[in-house]
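# Tertiary structure, described
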Amino acid sequence: MAEKAILFDTSRCTGCHACQIACKCWNVLPSPTRLNENTFSGTHQNPPDLNGATRLIMTYSEADGALPNKPVAWAFGRRSCQHCTDAPCASICPSGTLYVHEESGMVTVDASKCVACHYCVTACPFDVPRYNGMQGKVNKCTGCVDRIEQGIAPACVSTCQPEALSFGDRDEMLAEAEKRLAMLKSRGYEHAVIYGAEEIGGLHVIQVFKYGVEAHGQVLDPKVSPITTLTNIMKPVTGVVAGATVIGLAVMFGLAAGYKRDKLAYNAETEDTISLETGEVIKHGDGQDTESVKEHITCNLPIGKKGGDHE
Ligand code: SF4
Ligand code: SF4
Ligand code: SF4
């Protein structure tokens, strides 16, 4: 299977939300109806942001000065996973929960492995993975690899009526994006641009922004955080240290087990420890009687009668 990609052409989007709902339906994700109760601010964006049960939202922004005869226009956006080639979420995930689906290049999820460390949440330059407190797992778009493996497009793509969303081989999606960009430029949309060809090693969601990157609410020039890079560099070192600790513990366990296997006896009179097998004294007692031990302890007390009766 060739590398795949979703193409999102903002110039064809009508902001109908159908993709968002299809994602919920296919992935059996709940939709709390009162999420916007205290936050509604006059926008069609609902819910206001991604959450533990919402893998995709459409965003609604206004683009100023779009064309001379069109001073304000809708700039629809798609907030979801970008399926980065050099996916920092997958490289930092210690449990293999987030991983690159080899056949398609999509960055998918095996939630059963999630240990809720939140590393992916901090590593993603697009602020995508969300923690689902009810499940104790991280949630994000899986790329619908369960559908791709059956030869069908992701649910969000299949449902889009004006074909703002398409799915296919990544090379073909990039070529199609170039055609649509040329068409927009020819109509005077001078800020129109393709997004996803190179960012973070190349994304598997290619977008054609009619009014420019920022107008559609997307991250301009996304970067992998230096902390993520450092953590990945340190992985072999921390692996060696962890390995050395395990080996050290194993050696100590072996020695301790060997010691326990010796049959020992204790002579209360001499306070010596003796091997029952060889009769050798393993450890000599100090030969002190109870009274002298008590005197030694009393003399060394930090408070009380220290030294008084005995100096
Ligand atoms: S690819 Fe699948 S999981 Fe991802 S946003 Fe589309 S429908 Fe949702
Ligand atoms: S957009 Fe974020 S969650 Fe998606 S692959 Fe890239 S780093 Fe991972
Ligand atoms: S289904 Fe298509 S037209 Fe409707 S909001 Fe999603 S991308 Fe836009």
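As a reminder, the structure under discussion sits directly above these lines.
The notes below deal with the structure included here. (Residues numbered from 1 in each chain as written. Chains lettered and ligands numbered in written order. Predicted model: local features only at pLDDT ≥ 70, side-chain atom pairs only at ≥ 80, totals over all residues. Heavy atoms only, no water.)

## A few points about the site of ligand 2
With respect to spatial proximity, 13 residues lie near ligand 2, and among them Cys 81, Gln 82, Cys 84, Cys 89 and Cys 124 are the closest. Residues that form the shell around ligand 2 fall into these classes: ten nonpolar, two polar and one charged. (Near = heavy atom within 4 Å. Nonpolar A, V, L, I, M, F, W, Y, C, P; charged D, E, K, R; others polar.)

## Looking at the nonpolar core
Counting 23 residues, the largest nonpolar core has Cys 89, Leu 98 and Phe 126 as the members making the most contacts within it. Elements with a minimum of two residues in this core: helix H2 (88-92) and strand E5 (107-109). Those residues within four positions of Leu 98 in sequence are excluded, and the remaining contacts are Cys 89, Ala 90, Cys 93, Thr 108, Val 109, Cys 120 and Lys 140. Counting residues in hydrophobic clusters, the runner-up holds 18 residues, among them Cys 23, Leu 56, Met 58 and Leu 165. (Core = buried A, V, L, I, M, F, W, Y, C linked by side-chain atoms within 4.5 Å. Buried < 20%, exposed > 50% of the residue type's maximum accessible area, 1.4 Å probe, protein only. Helix = DSSP H or I, 4+ residues; strand = E, 2+ residues; numbered from the N terminus. Contact = heavy atoms within 4.5 Å.)

## Considerations on helix H1 (residues 18-26)
Among the residues of H1, Cys 19, Gln 20, Ala 22, Cys 23 and Lys 24 are the ones counted as buried. Once H1 ends, the next one or two residues include Val 28, with phi positive near 50 degrees.

## Notes on the packing of aromatic side chains
For the structure shown, the criterion picks out five aromatic pairs. Considering the side-chain rings of Tyr 60 and Phe 76, the 5.3 Å spacing of their centres and the 80 degrees angle between planes classify their relative orientation as edge-to-face. With Tyr 60 in strand E2 (residues 57-67) and Phe 76 in strand E3 (residues 70-79), the pair connects residues that are 16 residues apart, well separated along the chain. Summarising the burial analysis for this pair, Tyr 60 and Phe 76 share the class buried. An angle of 70 degrees between the planes, with centres 5.9 Å apart, marks the rings of Tyr 189 and Tyr 211 as edge-to-face. Placement of the pair is Tyr 189 in the loop between helix H6 (170-186) and strand E9 (193-195) and Tyr 211 in the loop between strand E10 (205-209) and helix H7 (226-261), with a sequence separation of 22 residues. There is no split in this pair, since Tyr 189 and Tyr 211 are both buried. One aromatic cluster is present, formed by Tyr 60, Trp 74 and Phe 76 through successive ring pairs. (Phe/Tyr/Trp six-rings, centres within 6.5 Å; stacked < 30°, edge-to-face > 60°.)

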